Amino acid sequence: MQHNSQGIARIGMGKEQPLDRAPQRLTVKVEPSYVPKLPKASSRFFFHLAGEISAHDVIGQECASTDEAKAHGEFIAHRIGTEKPEMIREGNFISVRDEQDRELFQIPLASSFAGGNL
């Protein structure tokens, strides 16, 4: 149903009716692009250390989006890589998982100091 500036509703096959005579029950299909994106409530994500040494995050962290969860995983991977540079090797990474335990990202451990000068 579309409305115009004269208070006319366009319904179905181009039939126009004044808004005060429009049907009481009306099914409207809304295309996804027209649905406003409302902020989603925070979700809990888990950040497991995987590889040679594994550690499971049992508490998790609330993040507003998967992008925020990825950024938090990158922060953790960088911090571990900086504090324990010997952990930086192929196969060691942070596994970012959602509440259903689906893996969303694998973020390799890294450090800005790895292989460089302080």
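Everything that follows concerns the structure shown earlier in this document.
Computed from a predicted model, the values in this text were never measured in an experiment. (Residues numbered from 1 in each chain as written. Predicted model: local features only at pLDDT ≥ 70, side-chain atom pairs only at ≥ 80, totals over all residues. Heavy atoms only, no water.)

1. Concerning the overall build of the protein
- Regarding its fold elements, the protein presents one helix and seven strands.
- Seen in sequence order, the protein has helices and strands lined up from the N terminus as β-β-β-β-β-α-β-β.
- Counting over 118 residues, the protein shows a buried share of 24%.
- Expressed as a percentage of contacts within the protein between residues at least 6 apart in sequence, the contacts between residues at least 24 apart total 42%.
- Surface accessibility of the protein: about 9,100 Å² in total, with carbon and sulfur atoms responsible for 52%. (Helix = DSSP H or I, 4+ residues; strand = E, 2+ residues; numbered from the N terminus. Buried < 20%, exposed > 50% of the residue type's maximum accessible area, 1.4 Å probe, protein only. Contact = heavy atoms within 4.5 Å. Areas by Shrake-Rupley, 256 points an atom, 1.4 Å probe, with all protein chains shown as cover.)

2. A closer look at the pairing of strand E7 (residues 103-108)
- The sheet contact formed by strand E6 (residues 93-97) and E7 spans five bridges and is antiparallel. Residue pairing across strands places phenylalanine 93 opposite proline 108, the latter belonging to E7.
- Hairpin connection, E6 to E7: the antiparallel pair is bridged by five residues, and aspartate 101 has positive phi, about 65°. (Pairing = 2+ DSSP bridges.)

3. Let's talk about the pattern of salt bridges
- Taken as a whole and assessed by the stated rule, the structure comprises six salt bridges.
- Notably, a salt bridge pairs arginine 79 with glutamate 83, separated by 2.8 Å at the nearest N-O pair. Residue arginine 79 and its partner glutamate 83 are both found in helix H1 (residues 66-83); the two are separated by four residues, about one turn of the helix.
- The partner of arginine 97 in a salt bridge is aspartate 101, with the nearest N and O atoms 3.7 Å apart. (Salt bridge = Lys/Arg side-chain N within 4 Å of Asp/Glu carboxyl O.)

4. Some thoughts on unusual backbone geometry
- Positive phi outside glycine occurs at aspartate 101, with the angle close to 65°.
- Positionally, aspartate 101 belongs in the loop between E6 and E7.

5. Observations regarding the side chain of serine 43
- Within the secondary structure, serine 43 is located in strand E4 (residues 43-50).
- Overall, the relative accessible area of 15% leaves serine 43 in the buried class.
- Beyond its immediate sequence surroundings of up to four residues, serine 43 is in contact with Gln61, Glu62, Cys63 and Glu99.

6. Things to note about the sheet that holds strand E5 (residues 61-63)
- Strand order in the open sheet formed by four strands is E5-E4-E6-E7, with antiparallel pairing between adjacent strands. Among the strands making up the open sheet, the edge pair consists of E5 and E7. Pairs of neighbouring strands in the sheet enclose a mean axial angle of 30°, with direction left out of account.
- Of the strand pairs in this sheet, E4 and E5 are connected by three bridges, and their pairing is antiparallel. Paired with arginine 44 across the bridge in E5 is glutamate 62.
- Contacts from H1 reach E4, E5, E6 and E7, with the element oriented near 30° to E7. (Axes fitted to C-alpha atoms, helices over the stretch in contact; angles between N-to-C directions.)

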